[in-house]
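What the coordinates show
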Amino acid sequence: FVSGDPNKAVVSTQSTGEKWDKLSGIETATSGFTLGQAISCAVDFDNQHCGIYAGDYDSYKDFADVFDPIIQEYHGITADAKHTSDMDVSKIQGNVHPNAPVKSVRIRVGRSFNGFGLSPGITRQQRLDLEKLLISAFSNFEDDLKGDYYPLLGMEESVRQQLVDDHFLFVSGDPNLISAGMERDWPEGRGIFHNTDKTFLVWVNEEDQTRIISMQKGGDVKAVFERLARAIKAVQESVKKESGKDFLFDEKYGYIHSCPTNLGTGMRASVHIDLPGWTAEGLNALKARCEELKLQPRGTRGESGGQTGVTFDISNKHRLGYSEVELVQCMIDGVNTLFQEDLELQKKHGL
């Protein structure tokens, strides 16, 4: 019922008339979200890969007949799969090779709290209440996590420009997010926290209730993961202490996110690395090799906005069905493999 076009989205294969008739009248308890709202992106656009969002945790349960097959197909998991989380940095073996030309490391996760809708369905009051809880949590951070919160509403131009220069600012205007209902009441209730060193960042009420990000220059993935683990724990414990509300975690789907593609860890662990040998070999060859290594290559934008040539963003491909430790380990091992192979390819191409 979404579209006759089979390429429209994964959602089109699951949204049959029978399911629509059964589920379309349901409104979720947390934020009054409907299946019609969940699939709005697939209805509005032809370019959707997934095409469905959850407005709250209830959406995954109330509309399970539609969500479950999509999630299983996208993530390649079975109907009875269980998700395990593991943030124990001591289990990480080794690190990125010190000679690898890695410019920076960034690891992000999303986290949502129970009792509040997710971005597509969250009510205005829920969004404001959640922001208030998080501002209070941020004020409790200590040592290297300590920093400041910058609300988007009423932001001074000098602050806005600094956040843009630091590549920290998220902005409005994404057609998918607008269609999915994620930019209602913009920019109220949204903001950015970062520590003094600018190595730890929290986005509040963007596509997810929170995006928690750890990053630094150089290739010390282990240090970035260790900081991330501490930061996540600090956010979780502070909010729980004040409100009794904890992260939304499902034994099958892991940490709950608005987009089904982020379920599980919600983690994207990435490095920016120069790969001149692979660049000479060709982008298709690099993509195929990354697929084998369970990685995802993306081009990077330089400061001027142009392609930098040989620098790639390499990240873990999977989110669900693997623990955080497994995904970070996979990224470290894969990047080291690409680096060694790149040295051989440089010789091959006479670089």
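Quick note: structure is the one above.
**Things to note about the pattern of salt bridges**
Applying the stated rule across the entire model yields 22 salt bridges. In this structure, Asp274 engages Lys103 in a salt bridge whose closest nitrogen and oxygen atoms are separated by 3.6 Å. With Asp274 in strand E8 (residues 268-274) and Lys103 in strand E1 (residues 102-111), the pair connects residues that are 171 residues apart, well separated along the chain. On the basis of relative accessible area, Asp274 is assigned to the buried category, the value being 19%. Look at Lys103 and you get partly exposed, because its relative accessible area is 42%. We note a salt bridge from Asp246 to Lys240, for which the minimum N-O separation is 3.4 Å. For Lys240, a relative accessible area of 43% puts it in the partly exposed group.

**Thoughts on the packing of helix H7 (residues 124-138) against helix H10 (residues 221-243)**
The relative placement of two packed helices comes down to the angle between their axes together with the axis-to-axis distance. It is at 9 Å that the axes of H7 and H10 come closest, and there the two elements cross at 115 degrees. As for how H7 packs across H10, the hand of that crossing is right-handed. For the pair formed by H7 and H10, the contact residues are Leu133, Leu134, Ser136 and Ala137 on the first element and Val235, Ser238, Val239, Glu242 and Ser243 on the second. Classifying every residue of the contact of H7 with H10 by side-chain character gives five nonpolar, three polar and one charged.

**Describing the packing of aromatic side chains**
The tally for this structure, following the rule as stated, stands at 13 aromatic pairs. Each ring, one from Phe138 and one from Tyr149, has its centre 5.7 Å from the other, and the planes form 35 degrees; the classification is tilted. One end of the pair, Phe138, is in helix H7; the other, Tyr149, is in strand E2 (residues 147-151), and 11 residues separate them in sequence. Plain terms: the ring middles of Phe141 and Phe200 are 5.8 Å apart, the flat faces sit at 50 degrees to each other, and that makes the pair tilted. Pair noted here: Phe141 is in the loop between H7 and E2 and Phe200 is in strand E4 (residues 200-204), with a separation of 59 residues, a long-range link. No difference in accessibility class separates Phe141 from Phe200, as the two residues are buried. Every member of this aromatic cluster is reached through a ring pair, and the members are Phe138, Phe141, Tyr149, Phe193 and Phe200. Taking the ring centre of Tyr57 as reference, the NZ or CZ of Lys61 above it sits at 3.8 Å.

What counts and what doesn't
Residues numbered from 1 in each chain as written. Predicted model: local features only at pLDDT ≥ 70, side-chain atom pairs only at ≥ 80, totals over all residues. Heavy atoms only, no water. Salt bridge = Lys/Arg side-chain N within 4 Å of Asp/Glu carboxyl O. Helix = DSSP H or I, 4+ residues; strand = E, 2+ residues; numbered from the N terminus. Buried < 20%, exposed > 50% of the residue type's maximum accessible area, 1.4 Å probe, protein only. Axes fitted to C-alpha atoms, helices over the stretch in contact; angles between N-to-C directions. Left-handed = near helix turned anticlockwise from the far one by under 90°. Contact = heavy atoms within 4.5 Å. Nonpolar A, V, L, I, M, F, W, Y, C, P; charged D, E, K, R; others polar. Phe/Tyr/Trp six-rings, centres within 6.5 Å; stacked < 30°, edge-to-face > 60°. Lys NZ or Arg CZ within 6 Å of the ring centre and 35° of its normal.

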